[in-house]
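One letter stands for each residue in the lines below.
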Amino acid sequence: MAETLLDKVWRAHEVRTLPSGQTQLFIGLHLIHEVTSPQAFQMIREAGLPVRFPDRTFATIDHIVPTASQLRPFTDTLAEEMTVHLVRNCEDFGIPLFDLESGRQGIVHIIGPELGLTQPGITIACGDSHTSTHGALGALAFGIGTSQVRDVLATQCLAIAKPKLRQILIEGKLPAGVYAKDVILAIIQRLGVKGGVGYAYEYAGSAVEAMSMEERLTICNMSIEGGARVGYMSPDETTFDYLKGRPFAPQGEAFERAVAWWKSMATEPGASFDDMVEFDGGALQPMVTWGINPGQSVGVGDDIPHPADAPEADRDTWEEALSFMSFEPGRPIEATPIDVAFIGSCTNARISDLRAAAEVARGRKVAEGVRALVVPGSQAVAKAAEAEGLDEVFKEAGFDWRMAGCSMCLGMNEDKLKGREVCASSSNRNFKGRQGSPTGRTLLMSPAMVAAAAVAGEVTDVREMLR
Ligand code: SF4
C-alpha cells in the first residue's frame, strides 16, 4: 500500500506505544535556544541526569539577542543573564553552541536548514512553536514546551500522539509579486487558525514543486499558525541540491547514500490522506492581515471585511480585532498608514527574502516618519547579503541594517513597537502585544510588501512597484 512520509518517518522513530496511547517517539535532532531551555536544564540538574545525546543537540542564541549592538555584556541585563546561562549549560552538558563568535549564530529555524542539520526523514524537536519550519526538507518537526525540552534532553524521546494528515495541494504558477508568504496566509485564511488542530499538513502540488527551498521553509514555518503543529513537503531534487555541501550534511559517497534513503521517505503516489484541499496558486494576490490572528487577512486589493460576513463562530473575534486595530470594515486595506516596517523573523529573513525586499527598496526612500529595519535571520544570511551589497541598498533607502536575531518578531529584546504604532511586518504572528507594545498593531505580509509599505508609508500593492 502506498505510504505517506508521515507514516514512514513515524514508524522509523517509534520506540513503543505508551499506556496513554501516545507514541514514544525518538527525536533525531534537538535544537535549543536561550528562552525555553534554562528551566529544562535546571530540572535535569535537579534530577541528576545527563543530556542523553549531546551530539544530537545544538544550541543557538536568538530570541533575546540585541540586534543593534551585540557587544558583551549586553546592555539588556536579562538578555546577558540568559546568554550566560545558555553558555554554561552548553559547556556543562557538552552541547555545541552557535554563539555570536561562531559565524553560525542566527534564528534557530534559519540555521538548522542552513547548516544542513535539518535533513529529510528525521524527527526534530525545538522549544519554539515555529519548529514546523524544518518540515520543508521532509522532516517531521515539532514545537515543544519547556517540560518536553526537559524530556528530550533527558531521553531524546517525546511522548506524542500521531496526528491525522491533510494534504494541501497548491497548483498553478504564482503571479509576479505573489510569494510563499501570500500562499500560506491564503491557506490560513481559508482553513482557519484552528483548522489544522490535530493534523499534520503535507504541502504538495505544482506550485510547491516549483518553489525554492527557502520559499518552502516560509510555508512550513506558518503551519502552526493554521493550528497544524507539523507541516512538511516530500523531499525532491530541490531538497537534495539545497543540502549538498552544507556543513552538517553527509559528504561524498555518504551523501549519495543519504539521497537514496531520503527519496525512499517521500510520500508515494496513491497514498491516502484524512483530508485533502486544493488551492489555485495562480489566482492568489499579495495578502495583508487586518486583525489579531494570522487567519484574519485579505488580498491587498480587497476591503477589510465586515463581522456580519464572518462565520458565526468567528464573529466575536472579528469584532474584537476591528476594535483593537481601530479599523473600519468596508474600507480598503490598501493605503492603511504604517509607522514601522520590519523585515525579519524565521518566516522571512533568508537571503531570497532580503533580495525580494531589496528589489523594491533599490533607488527608493523610506517614507518620512516610518521606522524601517532589516534584520537578517542569521550571521550567514547577513554575510551573504553584505557580499551582494544588499545592506547598502537598504541603508541608502533609509532602512536600519541590523545583526541577526528574532528582533521585532516578538517583544523579548530591545526591538519593540511603541504605543499604538502600526507595523508592516514579515513575521508570523499579529497577536495583541506580540511586537512588544500591548497596544501595538501588526500587519503581516511578505518582505517585498513590507518594503513597499516602508517606501509608500502605507499598505500598498507591491506589484505596482515591480512593473
Ligand atoms: S523569529 Fe519569531 S517565531 Fe521565529 S523563532 Fe524567533 S521569536 Fe520565534
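The notes below deal with the structure included here.

What counts and how
Residue positions within a chain follow its written sequence, with the count starting from 1. Local features in a predicted model are, by the rule used here, given only for residues with pLDDT of at least 70; side-chain atom pairs are given and counted only at 80 or more, and totals for whole chains, interfaces and linings are based on all residues. Each side-chain value is worked out from all heavy atoms of the structure, with water and hydrogens disregarded. We define proximity as follows: a residue is near a molecule or strand when any one of its heavy atoms falls within 4 Å of that partner. Following the grouping adopted for this structure description, the nonpolar residues are Ala, Val, Leu, Ile, Met, Phe, Trp, Tyr, Cys and Pro, the charged ones are Asp, Glu, Lys and Arg, and the polar ones are all others, Gly among them. The rule for pairing is simple: two strands pair if DSSP sees at least two bridges between them. Numbering goes from the N terminus for both helices and strands, where a helix is a DSSP run of H or I of at least four residues and a strand is a run of E of at least two. The contact definition used throughout considers only heavy atoms, calling two residues in contact when any of these lie within 4.5 Å. For helices, the fitted axis covers only the stretch in contact; all axes are lines through C-alpha atoms, and the angles between them, taken along N-to-C directions, range from 0 to 180 degrees. Relative accessibility under 20% of the residue-type maximum defines a buried residue, over 50% an exposed one, and the middle range a partly exposed one, all with a 1.4 Å probe and only protein chains included.

### Brief notes about the site of the ligand
Link 1 in the chain: By nearness alone, every residue bordering the ligand is listed as His63, Ile107, His109, Asp128, His130, Ser345, Cys346, Cys406, Cys409, Leu410, Asn428 and Arg434.
Link 2 in the chain: Considered class by class, the residues forming the shell around the ligand number five nonpolar, five polar and two charged.

### Some details on the sheet that holds strand β5 (residues 97-98)
Link 1 in the chain: Read across the open sheet, the five strands follow the order β5-β4-β3-β6-β7; overall the sheet is parallel. Each of the sheet's edge strands pairs with one partner strand only, and the pair in question is β5 and β7 (140-143).
Link 2 in the chain: Of the strand pairs in this sheet, strand β3 (residues 29-32) and strand β4 (residues 57-60) are connected by three bridges, and their pairing is parallel. The residue bridging Leu31 from the neighbouring strand is Phe58, located in β4.
Link 3 in the chain: In this fold helix α5 (residues 146-155) packs onto β3, β4 and β6 (123-126), with an angle of close to 130° to the strand it touches most, β3.

### Re the sheet that holds strand β2 (residues 23-26)
Link 1 in the chain: Ordered in space as β1-β2-β8, the three strands form an open sheet in which the pairing is antiparallel. Where the open sheet ends on each side, the last strands, each with one partner, are β1 (14-17) and β8 (157-160). Between one strand axis and the next, the sheet turns by 20° as a mean value, whatever way the strands run.
Link 2 in the chain: Pairing of β2 with β8, which is carried by four bridges, proceeds in the antiparallel orientation. Residue pairing across strands places Phe26 opposite Cys157, the latter belonging to β8.

### Overview of the pairing of β1
Link 1 in the chain: Looking at chain direction, β1 and β2 are connected through three bridges and run antiparallel. In the sheet register, Glu14 faces β2, and the bridge partner there is Leu25.

### Overview of unusual backbone geometry
Link 1 in the chain: In this structure, Pro73 follows Arg72 across a cis peptide bond, with omega equal to -10°.
Link 2 in the chain: Position of Pro73 relative to the elements: it lies in the loop between β4 and α3 (77-93).
Link 3 in the chain: The phi angle at Ala335 is positive, at roughly 75°, despite the residue not being glycine.
Link 4 in the chain: With a relative accessible area of 38%, Ala335 lands in the partly exposed category.
Link 5 in the chain: In this model, Ser407 sits at a positive phi of 50°, which is unusual for a non-glycine residue.

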